[in-house]
Amino acid sequence: MAGYVVRRVLIMILLLLLLTMAVFFLFSLLPADVARLTCGKICTEQTLALNRARLGLDKSVFEQYWIFLTGLFFGRTFGEGPAAVVCDAPCLGYSFTRNEPVLDLIVDRLPPTIFLAMGAFVLFIIGGVGVGVYSALRRGRWQDKGVMGASLIGYSLPSFFIGLVAIYFIIIRWKLLPFPSYEPPWEDPVGFVQTMILPWVVLAILYAAFYTRLTRSQMLETLNEDYIRTARAKGLPERVVVRKHALRAGLTPIVTAAGLDLAGLLGGAIILETIFSLPGLGSLAVSAVLDPDLSILVGVTLVTATFIIVANLIVDLLYAVIDPRVRLS
Amino acid sequence: MSAPFLVVEDLNVSFPTEDGVVQAVSGSSFSVQQGRTLAIVGESGSGKSVTAQAIMGLLNRRSTSISGRVVLDGTDLFALKEDQVRSLRGSTMAMIFQDPLSSLHPFYRIGDQLVEAVQVHGRVSRADARKRAIDALGHVGIPAPDRRVDDYPHQLSGGMRQRVMIAMALINSPSLLIADEPTTALDVTVQAQITELITTLQRESGTTLLMITHDLGVVADMADEVCVMYGGRIVEYGTVDDIYYRPEHPYTHGLLASVPRLASARVERLDPIPGNPPSLINLPTGCVFHPRCVRRSEVAGNLCLTEEPTLVASTPGHLVRCHLPIGARTPGGDAA
Ligand SMILES: Nc1ncnc2c1ncn2[C@@H]1O[C@H](COP(=O)(O)OP(=O)(O)OP(=O)(O)O)[C@@H](O)[C@H]1O
Ligand code: SF4
Ligand SMILES: [Mg+2]
């Protein structure tokens, strides 16, 4: 087991390194002239050259990558002299449109995204897995057909549609909730919940549909296994057979999907954050595109992809916890 | 003679499916005295496992139509609530399955699976249950049981896993043990060991045994009585001697001819019965065995195609379902 963990962690570090490379070179291939983007309205050749030097764009791409990489570990300075800007490690870049290190911007925007992701995650895992098990146990009966039909609808509706419909009816028509305005939970717990509840539910519906179908098909498969018959032959109550034997055996793909989905959500739910005006990573990315500010996009992409890589590692480690055949081979 | 320990009366089991109704068991009746062994023999698909599952209450009551009676030690099992049957499963009656590789849960230690079997039927502390699990593993011949108890199923060989299954079935000292082809999935060398183990344990404990197999050779030394099934029906039922030395049904005869170590003594050829088992959705008319029966031409008229024979006694206790049993063809004779 220990060897397995070490191996997986090493692979992850390698992947992260490749990731910084991929992201960096991808963005440096863009036809945009970053120096001009940060140059301002009255742009002279001089300021442009100054900008170039400050951003390190006068160096070769490989040198730039090296500076970027060392910046991640040791921090870096943009420009020289009194106009120099210091970016502490881990430096993901510096936004000259907002005059802030990218990392600070991201850290600022992280809480709403994390709250949105976690809340929705808890809802759709409990809901999706629960309903999926229920549906599998009533296979072919009207309850099952109803659940399957509903999940198909939830599965195929786009998030902006459900989001806008929810806003229209619940906030505008029926006035059940105030207009969303995000406040951190420690400042205004009630307002926080009032703002988050709709995006939570909308996101949960979208994802629960998938988890319902996945759980149902997993359960139908494992319920047919020989060891389930053994469990029943032992005289175990059906509830134990279902939870401890069948669900556990079908958990692996659910855990995989859940890990990656959570990571994806932590990277920001662009559409829902925009619709519900949540100041999260997703809306940061949107405004960075509109500005445009490439340094922020590089940072957000890097962070998002890191979440996914780390989630992958966690999922792989969970496999080993779930399935002893992985652990012991 | 005391009342039989297990009585099955007119058992019918059918599964409605998309393709039609699968008539898996039709009008089976048999009984076993306490401590004795009844073998149920037949080809694949003849309804052996379904019969066993019906007795154990393992068939889904909602999606299966079941009729008849199963009486275990005086208790009518079909009259019980599902939860009452559940509490008998694994304690009063237990079952071993065909494929030990897939019959144990791959994610749990074998010890935990045994402990679970103990604890579901009584208030036993974990430590005591574990002690019982280790004892049970030792009893079925697993070396170093105190270490093996913490193994996962995939760390054991097929034969060892079947021993674990046997330990699990016997851990609450059931009075009825059903073994559903316990050796079919194992290596030939291991088969004999497992069969012997089951026999020994049964003698020791006095458990009533229902032994299911498609191989008549396996049960020759084990069974007291044998029930031959074909197409969901019992076609012949009698003592081991009846079945081995005085088979009356052409199907039983064919089965015996396909058993290597028995065949040499009885017939020259070693032949599986030609043809395939019948479709249980569209059963043949008349005698379900007629499409494969080599002797139906000897029966007058079209009787075999038009009328289903009933199970009648040729001698007391020896029942045959055939219009013209073999004994009747060659008077005074033991088979052709
Ligand atoms: N749940 C079910 N739904 C539909 N058909 C079933 C079901 N269970 C069993 N059957 C059918 O019933 C018939 C008898 O099956 P059974 O398992 O009793 O055969 P068997 O005699 O045990 O054969 P084998 O030697 O292959 O184990 C088969 O045709 C099988 O396909
Ligand atoms: S009834 Fe006819 S077809 Fe059926 S086994 Fe007897 S002889 Fe053969
Ligand atoms: Mg079977």
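Here is what the cut-offs are and how they apply
- Residues numbered from 1 in each chain as written.
- Chains lettered and ligands numbered in written order.
- Predicted model: local features only at pLDDT ≥ 70, side-chain atom pairs only at ≥ 80, totals over all residues.
- Heavy atoms only, no water.
- Domains from an automatic or database assignment.
- Contact = heavy atoms within 4.5 Å.
- Buried area = accessible area lost by both parts, 1.4 Å probe.
- Salt bridge = Lys/Arg side-chain N within 4 Å of Asp/Glu carboxyl O.
- Polar contact = N/O pair within 3.5 Å; in protein donor to acceptor, adjacent residues only side chain to side chain.
- Helix = DSSP H or I, 4+ residues; strand = E, 2+ residues; numbered from the N terminus.
- Nonpolar A, V, L, I, M, F, W, Y, C, P; charged D, E, K, R; others polar.
- Expected span 1.5 Å × (residues − 1).
- Buried < 20%, exposed > 50% of the residue type's maximum accessible area, 1.4 Å probe, protein only.
- Arc of directions from axis to C-beta.
- Near = heavy atom within 4 Å.
- Pairing = 2+ DSSP bridges.
- Axes fitted to C-alpha atoms, helices over the stretch in contact; angles between N-to-C directions.
- Areas by Shrake-Rupley, 256 points an atom, 1.4 Å probe, with all protein chains shown as cover.
- Phe/Tyr/Trp six-rings, centres within 6.5 Å; stacked < 30°, edge-to-face > 60°.
- pLDDT = per-residue confidence, 0-100.
- Core = buried A, V, L, I, M, F, W, Y, C linked by side-chain atoms within 4.5 Å.
- Parallel < 35°, antiparallel > 145°, perpendicular 65-115°, else oblique.
- Left-handed = near helix turned anticlockwise from the far one by under 90°.

Engineer: What is the right way to look at the domain arrangement of chain A in this model?
Structural biologist: Bring the parts together and some accessible area is lost; that lost area is often taken as the interface size. Residue and element names in this part refer to chain A. In terms of domains, chain A is made up of domain 1 (2-101) and domain 2 (103-328). On the side of domain 2, 29 residues touch domain 1, which itself brings 25 residues to the contact. For the pair domain 1 and domain 2, the summed buried surface comes to about 2400 Å²; carbon and sulfur atoms form 74% of the total. Interface area lost by domain 1 to domain 2 is led by Tyr4, Leu92 and Arg98, which between them contribute 27%. In this structure, the salt-bridge partner of Arg8 is Asp316, at a minimum N-O distance of 2.6 Å. The interface formed by domain 1 and domain 2 includes 10 residue pairs in polar contact (both at pLDDT 80 or more). For the side of domain 1 that touches domain 2, the secondary-structure elements that each account for two or more residues are helix 1 (2-29), helix 2 (34-37), strand 3 (94-95) and strand 4 (100-101). Tallying contributions element by element places helix 1 first for the side of domain 1 that touches domain 2, with 11 residues. The residue makeup of the side of domain 1 that touches domain 2, split by class, is 19 nonpolar, three polar and three charged.

Engineer: Mind showing me how you'd approach helix 5 (residues 126-139) of chain B here?
Structural biologist: Working note: α-helix, 3.6 residues per turn, so residues spaced by three or four point in the same direction. Residue and element names in this part refer to chain B. When the terminal C-alpha atoms of helix 5 are compared, their 20 Å separation across 14 residues agrees well with the 20 Å that a helix rising 1.5 Å per residue should span. By the burial criterion, the buried members of helix 5 are Ala129, Ala133, Ala136 and Leu137. The arc enclosing the buried residues of helix 5, seen along the axis, measures out at 100°, which places them on a common side. Summarising the geometry of helix 5, the exposed residues directed more than 90 degrees from the buried face are Ala127, Lys131 and Asp135. Tucked into the core, helix 5 has its buried residues touching helix 4 (110-119), helix 6 (145-148) and helix 7 (158-170). Where helix 5 terminates, the next one or two residues include Gly141, which has phi positive at roughly 85°.

Engineer: Would you take a moment to explain the interface of chain B and chain A for this structure?
Structural biologist: If you look at the interface, chain B gives 26 residues, while chain A gives 23 residues. The contact between chain B and chain A buries some 2300 Å² in all, and 60% of this surface belongs to carbon and sulfur atoms. Its largest share of buried area at the contact with chain A, chain B owes to Phe107, Tyr108 and Glu116 of chain B, together 29% of the area lost on that side. Here chain B is connected to chain A by two salt bridges. Joining chain B to chain A, the criterion identifies 13 residue pairs in polar contact (both at pLDDT 80 or more). The set of elements that each furnish at least two residues to the side of chain B that touches chain A consists of helix 1 (48-56), helix 3 (100-103), helix 4 and helix 7 of chain B. Broken down by element, the side of chain B that touches chain A gets its largest block of residues, three residues, from helix 4 of chain B. A breakdown of the residues in the side of chain B that touches chain A according to their chemical character gives 12 nonpolar, nine polar and five charged.

Engineer: I would appreciate a short explanation of the pattern of salt bridges in the present structure.
Structural biologist: Side chains carrying opposite charge are able to pair once their charged atoms draw close together. For the coordinates displayed, the defined rule picks out 21 salt bridges over all chains. The shortest N-O distance in the salt bridge between Asp226 of chain A and Arg229 of chain A comes to 3.7 Å. Within this pair, Asp226 of chain A and its partner Arg229 of chain A are both found in helix 9 (residues 226-233), separated by three residues, close to a single helical turn. Overlapping salt bridges bring together Lys234 and Lys244 of chain A together with Glu116 of chain B as one network.

Engineer: Honestly, the site of ligand 2 in this entry has me stumped. Any pointers?
Structural biologist: Neighbouring ligand 2 are 13 residues, the closest being Cys287, Cys293, Cys304, Cys322 and His323 of chain B. Residues of the shell around ligand 2, tallied by class, amount to eight nonpolar, three polar and two charged.

Engineer: Quick question: what am I supposed to make of the sheet that holds strand 8 (residues 208-213) of chain B here?
Structural biologist: Residues and elements named next belong to chain B. Spatial ordering of the open sheet is given by 6-7-8-3-9-10-12-11, a layout of eight strands whose pairing is mixed. At either end of the open sheet lies a strand with only one pairing partner, and these are strand 6 (93-96) and strand 11 (311-315). Ignoring strand direction, the axes of neighbouring strands in this sheet form an average angle of 20°. Inspection of the sheet shows strand 3 (residues 37-41) paired to strand 9 (residues 225-230) by four bridges, in the parallel sense. Bridged to Leu38 within strand 9 is Glu225.

Engineer: I keep staring at the site of ligand 1 and nothing clicks. Help me out?
Structural biologist: All names here are of chain B. Neighbouring ligand 1 are 15 residues; Ser44, Gly45, Ser49, Val50 and Glu181 lie closest to it. Here Ser46 contributes a backbone N or O atom positioned 3.2 Å from an oxygen atom of ligand 1. Residue Val50 places a main-chain N or O atom 2.8 Å away from an oxygen atom belonging to ligand 1. In the complex, the protein chains occlude 64% of the 630 Å² of accessible area that ligand 1 would expose alone.

Engineer: When you look at the packing of aromatic side chains in this model, what are you seeing that I'm missing?
Structural biologist: Residues and elements named next belong to chain A. Across all of its chains, the model carries 23 aromatic pairs over all chains by this definition. Taking 5.1 Å as the distance between ring centres and 35° as the angle between the ring planes, the aromatic pair formed by Phe24 and Phe68 counts as tilted. Here the residue Phe24 occupies a position in helix 1, and Phe68 occupies one in helix 4 (residues 61-74), the gap between them amounting to 44 residues. For the pair shown, Phe24 and Phe68 are each scored as buried. Note on Phe121 and Phe124: the rings are 5.5 Å apart at their centroids and 80° apart in plane angle, and the pair reads as edge-to-face.

Engineer: Looking at this model, I keep getting lost on the confidence of the model for chain B. Mind explaining?
Structural biologist: Any residue range with low pLDDT should be treated as having predicted coordinates unsuitable for detailed reading. All names here are of chain B. Summarising the model, chain B shows a mean pLDDT of 91, and 93% of its residues fall at 70 or more. Below pLDDT 50 for its whole length, residues 331-336 participates in seven contacts with residues either more than four positions away or in separate chains. For this predicted complex, the interface score ipTM comes out at 0.91, while the overall pTM is 0.87.

Engineer: When you look at the nonpolar core in this model, what are you seeing that I'm missing?
Structural biologist: Core analysis: the largest hydrophobic core is formed by 92 residues, its most contacted members being Leu6, Phe30 and Leu216 of chain B. Ignoring sequence-local partners within four residues, the contact set of Leu6 of chain B consists of Phe30, Ser31, Val32, Ile55, Val70, Val71, Leu72, Leu176 and Leu210 of chain B. Among the nonpolar cores identified, the runner-up in size contains 48 residues, and Ile171, Phe192, Met219 and Leu236 of chain A belong to it.

Engineer: What am I meant to see in the packing of helix 8 (residues 189-223) of chain A against helix 10 (residues 238-249) of chain A here?
Structural biologist: Helix-helix packing is described using two parameters, namely the angle between the two axes and the distance between the axes. All names here are of chain A. Where helix 8 meets helix 10, the closest approach of the two axes is 8 Å, and the angle between their N-to-C directions is 110°. Taken together, the axes of helix 8 and helix 10 are roughly perpendicular relative to one another. Of the two possible hands of crossing, helix 8 and helix 10 adopt the one that is right-handed. From helix 8, Thr215, Met219, Thr222 and Leu223 reach across to helix 10, where they touch Val242, Ala246, Leu247 and Ala249. Of the residues contributing to the contact of helix 8 with helix 10, the split by class is six nonpolar, two polar and no charged.

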